[in-house]
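Residues per chain, in single letters:
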Amino acid sequence: MIVYLYGADSYRRTKKLSEIIRLNKEKQPNTDMFFADLFEDAELWRKAKDFLEQPSMFSPSKTLVVYESGEVDEKGWVKLLKEHATTPKTFIIISDSCAKPKKAFLFLLDAPVKTQEFAGIEGRILEAFLKKEADAHKLVFEKDAWNYFVKFVDSKPEKSWVGVRELEKIACAGFGSAISKKEIETIVQYSVESNVFNASRELMGAGTPYKRIALLESLLAQGEDAPRLFNLLAYNARGAQAVRLADLDIAIKSGTSDYEEALLDFVLQNN
């Protein structure tokens with residue numbers, strides 16, 4: 001079977017992808033997995049083909065996670081996907097940033113493929129999304145504060161990413177039950193904390209474990225929320241790192257680990 005996620009909203013799309021990978025790992029704990037980022041290396045589709053066609057010695061199921069499927073202009077690639085659209089023990093999960101797949105891949109929008117679109121959000125849809133996220137954090141805004149916040153987020157290119165990040169910062173600030181515009185301005189206009197997005201990339205990078213541990217300790221010491229940092233890593237991780245974080249997420253949810261332990265485990269083993 002194929003699950004196809006596409007659209008410009010990388011936050012919601014990547015969150016859904018992580019959820020699907022995690023659920024798949026829970027249901028098929030021994031599944032063979034292969035990750036193919038075709039934007040980085042279009043020729044990986046050939047290795048993906050070998051992965052799907054070679055019999056597995058230890059598991060009856062296979063899971064292929066593909067990023068940017070439309071980067072490959074090969075009939076063999078399209079044929080391969082079509083052949084496995086109904087294969088019961090083969091799971092192909094695709095995440096594409098395109099607004100609409102190319103002509104050769106339009107079949108991904110139709111049954112039996114399970115498709116979900118994550119178009120960029122704005123206006124009332126954006127406000128509804130932010131309201132849902134604010135409610136999840138039990139945040140209540142005064143009217144002028146809420147209007148200011150929505151306008152601020154709507155001015156950014158990665159609206160959902162920015163909105164969620166700022167709401168998490170507001171939640172950590174410990175404001176009153178009805179947050180004022182003055183309080184919001186202290187968060188969205190000025191911040192002395194490090195750029196957590198860039199820092200998360202460094203934690204996933206190829207530096208020495210010592211440097212990664214030092215960076216992690218610095219982020220936690222300045223008040224960076226461990227669950228938020230873990231989720232940010234999970235949203236951006238690919239390949240073996242995504243698998244490792246999915247395993248750590250299961251450990252956290254089962255109560256055998258907490259977020260800080262999982263983060264330390266990840267940076268130590270990220271080689």
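See above for the structure.
Residues numbered from 1 in each chain as written. Predicted model: local features only at pLDDT ≥ 70, side-chain atom pairs only at ≥ 80, totals over all residues. Heavy atoms only, no water.

### Let's talk about the pattern of salt bridges
Pairs may arise between side chains of opposite charge once their charged atoms sit close together.
Item 1. One pass over the full model with this rule turns up 14 salt bridges.
Item 2. Linking Asp9 and Arg12 is a salt bridge whose minimum nitrogen-to-oxygen distance equals 2.8 Å.
Item 3. Owing to a relative accessible area of 3%, Asp9 belongs among the buried residues under this scheme.
Item 4. The salt bridge involving Asp265 is made with Arg244; its shortest N-O contact spans 2.5 Å. Taken together, the positions of Asp265 in helix 12 (residues 259-269) and Arg244 in helix 11 (residues 239-253) put the pair 21 residues apart, joining distant regions of the chain.
Item 5. For Asp265, a relative accessible area of 26% gives the class partly exposed.
Item 6. We classify Arg244 as partly exposed; its relative accessible area is 25%.
Item 7. One salt-bridge network, held together by shared partners, links Arg22, Glu26, Asp249 and Lys253. (Salt bridge = Lys/Arg side-chain N within 4 Å of Asp/Glu carboxyl O. Buried < 20%, exposed > 50% of the residue type's maximum accessible area, 1.4 Å probe, protein only. Helix = DSSP H or I, 4+ residues; strand = E, 2+ residues; numbered from the N terminus.)

### Points about the pairing of strand 2 (residues 32-37)
Item 1. Bridge count for strand 2 against strand 3 (residues 62-67) is six bridges, and the pairing is parallel. By the bridge assignment for strand 3, Asp37 is matched with Tyr67.
Item 2. Tracing the backbone out of strand 2, into helix 2 (residues 44-53) and back to the parallel element strand 3 gives a crossover that is right-handed. (Pairing = 2+ DSSP bridges. Right-handed = clockwise from strand over helix to strand, strands pointing away.)

### Brief notes about helix 1 (residues 10-27)
An α-helical segment advances 3.6 residues per turn. Residues three or four places apart therefore align on the same side.
Item 1. Compared with the 26 Å implied by 1.5 Å per residue over 18 residues, the 25 Å span of helix 1 between its first and last C-alpha is a close match.
Item 2. Looking only at helix 1, the buried set comprises Ser10, Tyr11, Arg13, Thr14, Leu17, Ile20, Ile21, Arg22, Asn24 and Lys25. (Expected span 1.5 Å × (residues − 1).)

### Overview of the side chain of Ser95
Item 1. By secondary structure assignment, the location of Ser95 is in strand 4 (residues 90-96).
Item 2. Overall, Ser95 belongs to the buried group, its relative accessible area being 2%.
Item 3. Setting aside residues no more than four positions away along its own chain, Ser95 makes contact with Leu5, Arg13, Leu17, Val66, Tyr67 and Glu68. (Contact = heavy atoms within 4.5 Å.)

### Here's the deal with the packing of aromatic side chains
Item 1. Within this structure, the stated rule accounts for nine aromatic pairs.
Item 2. Plain terms: the ring middles of Trp146 and Phe149 are 6.0 Å apart, the flat faces sit at 35° to each other, and that makes the pair tilted. Linking Trp146 with Phe149, this pair stays in helix 5 (residues 143-154), spanning three residues, or about one helical turn.
Item 3. Ring geometry for Phe230 versus Tyr259: centroids 5.6 Å apart, planes at 70°, classification edge-to-face. One end of the pair, Phe230, is in helix 10 (residues 226-236); the other, Tyr259, is in helix 12, with 29 residues separating them in the sequence.
Item 4. For Phe230, a relative accessible area of 1% translates into the label buried. (Phe/Tyr/Trp six-rings, centres within 6.5 Å; stacked < 30°, edge-to-face > 60°.)

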